[in-house]
Amino acid sequence: MGKNNKQRFERETNVSTKINADKVKTKVNGGVFVYTGAISVNELSNSLNVPASEIIKFLFMQKKMVTINTVLDDELIGLVCLQFGYDFQKKHIVAAENFEEVEINDDPSKLKGRPPVVTIMGHVDHGKTTLIDAIRNSNLVAGEVGGISQEIGAYQKEINGHKITFIDTPGHEAFTAMRSRGASVTDIVVLVVAADDGVMPQTIEAIDHAKSAGVPIIVAINKIDKPGADPERVKNELMQHDIVAEDYGGDVICVEISAKKKVNIDGLLETIILVSEMKELKANPDRYALGTVLEAKLDRNEGPKATLLIQNGTLKEGDYLVVGTSYGKARRMTNEFKKVLNVATPSTPVSVIGLAEVPEAGDRFMAFAEESEARAIALKRKQLKEAKEKNKTSAASLDDLYKLANSGDVQTINIIIKADSTGSAEAVKTSLEKLNSDKININVIRATSGAITESDVLLASASKAIVYGFNVRPDARTRAKAEEEKVEIRLHNIIYALIEEIQDAMKGMLKKEKVEKVTGQAEIRKLFKVSKVGTIGGCMVTDGVIKNQSPIRLLREGVVVFEGKLASLQREKDQVKEVKAGFECGLLIDGFNDIKEGDIVEGYEMVEVD
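Residues numbered from 1 in each chain as written. Predicted model: local features only at pLDDT ≥ 70, side-chain atom pairs only at ≥ 80, totals over all residues. Heavy atoms only, no water.

## Concerning the packing of helix H12 (residues 422-433) against helix H15 (residues 495-506)
Interaxial distance between H12 and H15 falls to 11 Å at its minimum, and their mutual angle equals 30 degrees. Taken together, H12 and H15 sit at an angle that is classed as roughly parallel. Every pair of crossing elements has a handedness; the one defined by H12 and H15 is right-handed. Here H12 contributes Ala 427, Val 428, Ser 431 and Leu 432 to the contact with H15, which in turn contributes Ile 495, Leu 498, Ile 499 and Ile 502. Residue classes in the contact of H12 with H15 are distributed as 7 nonpolar, 1 polar and no charged. (Axes fitted to C-alpha atoms, helices over the stretch in contact; angles between N-to-C directions. Helix = DSSP H or I, 4+ residues; strand = E, 2+ residues; numbered from the N terminus. Parallel < 35°, antiparallel > 145°, perpendicular 65-115°, else oblique. Left-handed = near helix turned anticlockwise from the far one by under 90°. Contact = heavy atoms within 4.5 Å. Nonpolar A, V, L, I, M, F, W, Y, C, P; charged D, E, K, R; others polar.)

## As for unusual backbone geometry
Phi at Asn 160 is positive, roughly 50 degrees, even though this residue is not glycine. With respect to the helices and strands, Asn 160 occurs in the loop between strand S8 (154-159) and strand S9 (162-167).

## Some thoughts on the nonpolar core
One finds Leu 131, Phe 166, Val 190, Leu 268 and Ile 272 to be the most contacted residues of the largest nonpolar core, which totals 25 residues. Within the residue set of this core, elements represented by two or more residues are strand S7 (117-122), helix H5 (128-142), S8, S9, strand S10 (188-194), strand S11 (217-222) and helix H9 (265-279). In this structure Val 190 touches Val 118, Thr 119, Ile 120, Met 121, Leu 131, Ile 218, Ala 220, Leu 268 and Ile 272, once residues within four positions along its chain are discounted. Core analysis: the next-biggest nonpolar cluster, separate from the first, contains 20 residues, Val 215, Leu 238, Ala 245 and Val 252 among them. (Core = buried A, V, L, I, M, F, W, Y, C linked by side-chain atoms within 4.5 Å. Buried < 20%, exposed > 50% of the residue type's maximum accessible area, 1.4 Å probe, protein only.)

## Considering the pattern of salt bridges
Opposite charge on two side chains permits pairing when their charged atoms draw close. Here the structure, examined in full by the defined rule, presents 29 salt bridges. The closest approach of N and O atoms between Arg 233 and Glu 237, which form a salt bridge, is 2.9 Å. Here Arg 233 pairs with Glu 237, and both are found in helix H8 (residues 231-239), just 4 residues apart, close to one helical turn. Here Glu 484 ties to Lys 481 by a salt bridge, and the two come within 3.7 Å at their closest N and O atoms. Here Glu 484 pairs with Lys 481, and both are found in helix H14 (residues 476-485), just 3 residues apart, close to one helical turn. Since its relative accessible area comes to 18%, Lys 481 is described here as buried. Taken together, the shared-partner salt bridges connect Arg 473, Arg 479, Asp 543, Arg 553, Glu 563 and Glu 602 into one network. (Salt bridge = Lys/Arg side-chain N within 4 Å of Asp/Glu carboxyl O.)

## Digging into the pairing of strand S28 (residues 534-547)
A regular strand places its side chains so that they alternate between the two faces of the sheet. In this structure, S28 lies alongside strand S33 (residues 584-589), joined through 4 bridges in antiparallel fashion. Within the sheet, the bridge partner assigned to Met 540 lies in S33 and is Glu 584. Inspection of the sheet shows S28 paired to strand S32 (residues 578-580) by 3 bridges, in the antiparallel sense. Note on S32: the bridge partner recorded for Val 545 is Lys 580. (Pairing = 2+ DSSP bridges.)

## With respect to the pairing of strand S30 (residues 559-571)
Relative to S30, strand S29 (residues 551-556) is paired through 6 bridges, and the arrangement is antiparallel. Opposite Arg 553, over in S30, you have Glu 563 as the bridge partner. Linking two consecutive strands that pair antiparallel, namely S29 and S30, is a turn of 2 residues; a positive phi of about 55 degrees is found at Glu 557 within it. Taken together, the 4 bridges between S30 and S33 define a ladder with antiparallel strand orientation. Within S33, the position partnered with Leu 569 by the bridge is Leu 587. Note that S30 and strand S31 (residues 574-575) share 2 bridges and pair antiparallel. Looking at S31, one finds that Arg 571 is bridged to Asp 574. The loop that links S30 with its antiparallel partner S31 comprises 2 residues; one of these, Glu 572, has a positive phi angle of about 55 degrees.

## Description of the sheet that holds S10
Reading across the sheet, the 6 strands line up as S8-S9-S7-S10-S11-S12 and stay open at both edges, with mixed pairing between neighbours. Strands with a single pairing partner mark the edges of an open sheet, and in this sheet they are S8 and strand S12 (254-256). This sheet shows a mean twist of 30 degrees between the axes of neighbouring strands, independent of strand direction. Here 6 bridges tie S10 to S11, and the two strands are oriented parallel to one another.

## Points about H14
Along H14, the residues classified as buried are Thr 478, Arg 479, Lys 481, Ala 482 and Glu 485. Angularly, the buried residues of H14 cover 160 degrees about the axis, an arc narrow enough to put them on a single face. Turned more than 90 degrees away from the buried face of H14, the exposed residues are Arg 477 and Glu 483. For H14, the N-terminal capping position is held by Asp 475, with its side-chain oxygen 3.3 Å away from the main-chain nitrogen of Arg 477. Once H14 ends, the next one or two residues include Lys 486, with phi positive near 55 degrees. (Arc of directions from axis to C-beta. Polar contact = N/O pair within 3.5 Å; in protein donor to acceptor, adjacent residues only side chain to side chain.)

Right under this line is the structure:
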């Protein structure tokens, strides 16, 4: 990197550009090893002047399998230092490969206003897509390239000299999945509610996600032209979810519109501008660009292609980029109309080609001075990501609550409650909120009825929450998602047991316990009624294994309707001990005949854990 470019980069970003092994910002001075972040075995070996083989051998004796390229966390770095006679100290100096952790403190004189970034959310069929089309079409008509189809899933609208950036997401799940990866890109959420339908389940979910993200909400009451439209009923229903309209004494602006007939669309846009001005959104355009990937794909003709949202700085054609764990050069930038851009300023979405690999939606990016720098930093980020994936923990756990209780600081633990009825959900919520103490604050971010779904898992991952199920269960797909996101799901059917569990954790009294392990699930697809025997369920094992004489529960639309055990398990007329996923079987539930097609039989066992 040229001296001038290096100095400019470090001045603008406040991060170190020293990332090569022989330049690691660590040293041994007075017997104290000072480091700034996770480093590899090889880097630690060079810094301590201890053979890498000795470090690997020592960690092997600690039951830690590592190689010369393994990236070590703080605990392992400390263990190695103490073993070889050094004290250790971590300095919180952000290295270039961790640029998303940089706290940017720009000179206030360099800050300039930027357009707000808006996401439109709402229940299915409430007019979200129609509203997006109404905004997009008016933009196309007014633009100099009217009629050209949108190139990217984000676009800008200008009204009275003010620009608004819209992110076109598939819904709250995409919104939350992105946020769970650390990409908080939205400044304002527009919540679309149909005036003739009112608040619906996905409306509530959208509210939960927006609240959890700490994003201001503007309510667009749509379909006011339809018979039966009742905006006041919508406002009253929203009050039940702590969304209080301005004319009801609250601080949420409600705008009545008809997206289909394009009524008051400009009024909605003006409201967005008003809310954004109250937020005083600013950025420094005179620095290297950084931001987030909105979407990415492999284009057959142009190679890896990513839609980037510039959140600070200015991206210029020809800049070198690190995007997630990939790198490249901004060879060409285009806006939503495929118009080529030479520069992209804060809050501008652009489509970029020139990356070495296809990044993931939610990845952060930053521009650097030289290609060699970008390549080295991308490699370092890839190593760090691989190390983190091995010990990934996105959400909270009950053990975290135990640790928080002993930390001495006031902490907040987020909880999601799903129950078999609304009354049960509210009862559990009320009981948990009474447990708040001077050390722990229980924050229930969702309490609804119904089965535990992937949406709940995504919200838990994004909000670092524990999911509690009361008389409801997740299906196999949701359980797999929870395992992938490292989200803890706790299941109960006795309310006081649920409360006692959290109380014990808050008091620091967690002990060895028996927990449930689901062994498999089978779907009932046909019924056979046999006199003197009962109703036999013809099943397909869809996940894991179903074992004879195993304790089971019967689920109907995710809700537990019976718990007991199997009386009989057959395959091709023979009694069998177990049936694995992908095979059919017949089963009889001991003492229960009211089974129906579509029911799920879930087998489980109790195992002891620390």
